[in-house]
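Summary of the model geometry
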Amino acid sequence: MGTGSRRRHLRLLAVCLPAALLLAACEASSPSILEPAGPGARRIEGLWWILFWVAGAVFLVVLALMAIALWRARRTDASIATHVGWGEPFIVVAGVALPALILGAVFLVSLGDLAALSNDEGDDALTIEVVGKVWWWEARYPNGAVTANEIHVPVGEPVELELTTTDVIHSFWVPRLQAKVDMIPGRVNRMSIQADEPGRYRGQCAEFCGLQHANMAFYVVAEPPQEFEEWVAMEAAPADEPVQSGAARGRDVFLGSTCAGCHAIRGTPASAELGPDLTHLDARATIGAGLFANTRANLARFIVDPQEVKPGITMPPTELTAAELDALLDYLEQLD
Ligand code: CUA
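Presented here is an overview of the structure given in this document. (Residues numbered from 1 in each chain as written. Predicted model: local features only at pLDDT ≥ 70, side-chain atom pairs only at ≥ 80, totals over all residues. Heavy atoms only, no water.)

1. Some points on the sheet that holds strand E10 (residues 217-223)
The mixed open sheet is built from five strands, whose spatial order is E4-E10-E9-E6-E7. Each end of this open sheet is capped by a strand with a single partner; those strands are strand E4 (150-154) and strand E7 (181-183). Neighbour-to-neighbour, the strand axes of the sheet open up by a mean angle of 25°, direction not taken into account. Of the strands in this sheet, E4 and E10 are in contact with helix H4 (residues 225-236), which crosses E4 at around 135°. (Pairing = 2+ DSSP bridges. Helix = DSSP H or I, 4+ residues; strand = E, 2+ residues; numbered from the N terminus. Axes fitted to C-alpha atoms, helices over the stretch in contact; angles between N-to-C directions. Contact = heavy atoms within 4.5 Å.)

Here it is in structure tokens:
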């Protein structure tokens, strides 16, 4: 590489690095472990800051020693090489004893955090089964409620999650609430989450699992206990009977087409479990595992050509006339 080209690279780096940092700072809506919203995430944030300050202090000490060495090398000549007296003990203390002490202390702190994070909440806590699938999340509640990609929990209470998968390895991660936990075929991993404030906390699959790994998002929705009870009772109920004639026609379209081969709508003969349970589809804010807002237009796009909006997913395109699609959308939109 010539000097000119190297200089150009350095200039590019000088321009791009601050821009990238600025961009990262502006991305305020992305969830950060440094904005914990529950006891689990607060532990992780504490550990993060300990590591940050320890590593920062070590970095500064090394820089200072390097500056001293450079300064002495300029000032004097070969005579500095004669300090054999304290050179060896210094290397033993600063290069072996101190790092062992610091790393040992950090290890002990993290062991304490690990034990606290994997605490079992006992039999009283609400237990939700969460199943990772390519590329969405199924949540099952003890009262029979089944939903997808939006996991409601009561605020201020510990909730037990039983995490597994029916296909490949995924990793369940809600940065503002807890650590990551892998979902492994044939195994149930447990974790406890708790949200201190009501809100929607974004989660993301944190283990590469195929083409749509990046679009495997979800939300944990924390709400006051009363609201949560109402929600979970509503989710456990079968779907409402369509009152409007268009919606009734839409139900016939649903049951007579490929839709019913993969999706369940409780209260109808559709009971397949390959795709998300759609019994209360309209109660969800997003579709496609957090990919789109749950609007009529987005539903239509998803039904007509799912491979265009989320390439690689299991869902095939659905062959429908315009009138059939309209009726189907009428039906889906009243599944609240
Ligand atoms: Cu599921 Cu990555």
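Past the structure itself, the notes keep going.
2. With respect to the sheet that holds strand E8 (residues 189-193)
One open sheet accounts for five strands, arranged E3-E2-E1-E5-E8; its pairing is mixed. What marks the edges here is a single partner per strand, and that holds for strand E3 (146-148) and E8. Looking at each pair of strands side by side, their axes are set apart by 25° on average, direction ignored. Across five bridges, the pairing between strand E5 (residues 159-165) and E8 is antiparallel. Among the inter-strand pairings, Glu162 is bridged to a residue of E8, identified as Arg190.

3. Comments concerning the packing of helix H6 (residues 296-304) against helix H8 (residues 322-333)
Axis separation between H6 and H8 bottoms out at 10 Å; the angle between their running directions is 125°. Taken together, the axis directions place H6 and H8 in an arrangement best described as oblique. Here H6 runs over H8; the crossing is right-handed. For the pair H6 and H8, contact is made by Arg296, Leu299, Ala300, Ile303 and Val304 and by Leu325, Asp326, Leu328, Leu329, Asp330, Leu332 and Glu333, respectively. Its residues placed into classes, the contact of H6 with H8 shows eight nonpolar, no polar and four charged. (Parallel < 35°, antiparallel > 145°, perpendicular 65-115°, else oblique. Left-handed = near helix turned anticlockwise from the far one by under 90°. Nonpolar A, V, L, I, M, F, W, Y, C, P; charged D, E, K, R; others polar.)

4. A word on the pattern of salt bridges
Applying the stated rule across the entire model yields 12 salt bridges. Here Arg190 makes a salt bridge to Glu162, at a shortest N to O gap of 2.9 Å. Here Arg190 is found in strand E8, whereas its partner Glu162 is found in strand E5, with 28 residues between them in sequence. What makes Arg190 exposed here is its relative accessible area of 51%. For Asp330, the salt bridge identified is with Arg296, shortest N-O distance 3.0 Å. Placement of the pair is Asp330 in helix H8 and Arg296 in helix H6, with a sequence separation of 34 residues. (Salt bridge = Lys/Arg side-chain N within 4 Å of Asp/Glu carboxyl O. Buried < 20%, exposed > 50% of the residue type's maximum accessible area, 1.4 Å probe, protein only.)

5. Things to note about the environment of Asn143
In this fold, Asn143 is placed in the loop between strand E2 (136-140) and E3. Separated by 90 residues in sequence, Asn143 and Ala233 have C-alpha atoms that sit 7.7 Å apart. The contacts of Asn143, once residues within four sequence positions are left out, are Val232, Ala233 and Ala236. In terms of polar contacts, Asn143 uses its side chain to reach the backbone amide nitrogen of Ala145, at 3.1 Å. (Polar contact = N/O pair within 3.5 Å; in protein donor to acceptor, adjacent residues only side chain to side chain.)

6. Considering the nonpolar core
Counting residues in each nonpolar core, the largest one holds 56 residues, and the members touching the most others are Ile128, Val130, Tyr141, Ile151, Leu161, Phe172 and Phe254. Counting residues per element, this core draws most heavily on H8, at five residues. When sequence neighbours within four positions are dropped, the list of residues in contact with Tyr141 reads Ile128, Thr147, Ile151, His152, Phe228, Trp231 and Val232. (Core = buried A, V, L, I, M, F, W, Y, C linked by side-chain atoms within 4.5 Å.)

7. A few points about the pairing of strand E6 (residues 170-173)
Relative to E7, E6 is paired through three bridges, and the arrangement is antiparallel. Its bridge partner lying in E7, His170 is registered against Met183. For E6 and strand E9 (residues 199-205), the ladder comprises two bridges, and the chain directions are antiparallel. Looking at E9, one finds that Trp173 is bridged to Gln204.

8. A look at the packing of helix H5 (residues 245-256) against H8
Packing of H5 against H8 brings their axes to within 7 Å, and their N-to-C directions diverge by 105°. When the axes of H5 and H8 are compared, the pair comes out roughly perpendicular. Touching Gly246, Ala247, Arg249, Gly250, Arg251, Val253 and Phe254 of H5 are Glu324, Ala327, Leu328, Asp330 and Tyr331, all from H8. In terms of residue class, the contact of H5 with H8 is made up of six nonpolar, two polar and four charged.

9. A look at the side chain of Thr279
Locating Thr279 in the fold gives a position in the loop between H5 and strand E11 (286-287). Under the relative-accessibility criterion, Thr279 is labelled buried at 0%. In this structure the side chain of Thr279 is engaged in a polar contact, spanning 2.9 Å, whose partner is the backbone nitrogen of Arg266. There is a polar contact of 2.5 Å between the side chain of Thr279 and the side chain of Asp277. Beyond its immediate chain neighbours, meaning those up to four positions away, Thr279 contacts Ala237, Pro238, Ala239, Ala264, Ile265, Arg266 and Leu335.

10. Quick notes on H6
If you check which residues of H6 are buried, you get Asn298, Leu299, Ala300, Phe302 and Ile303. In this structure, the buried residues of H6 make contact with E11, strand E12 (292-293), helix H7 (306-309) and H8.

Structural measurements only, silent on function.
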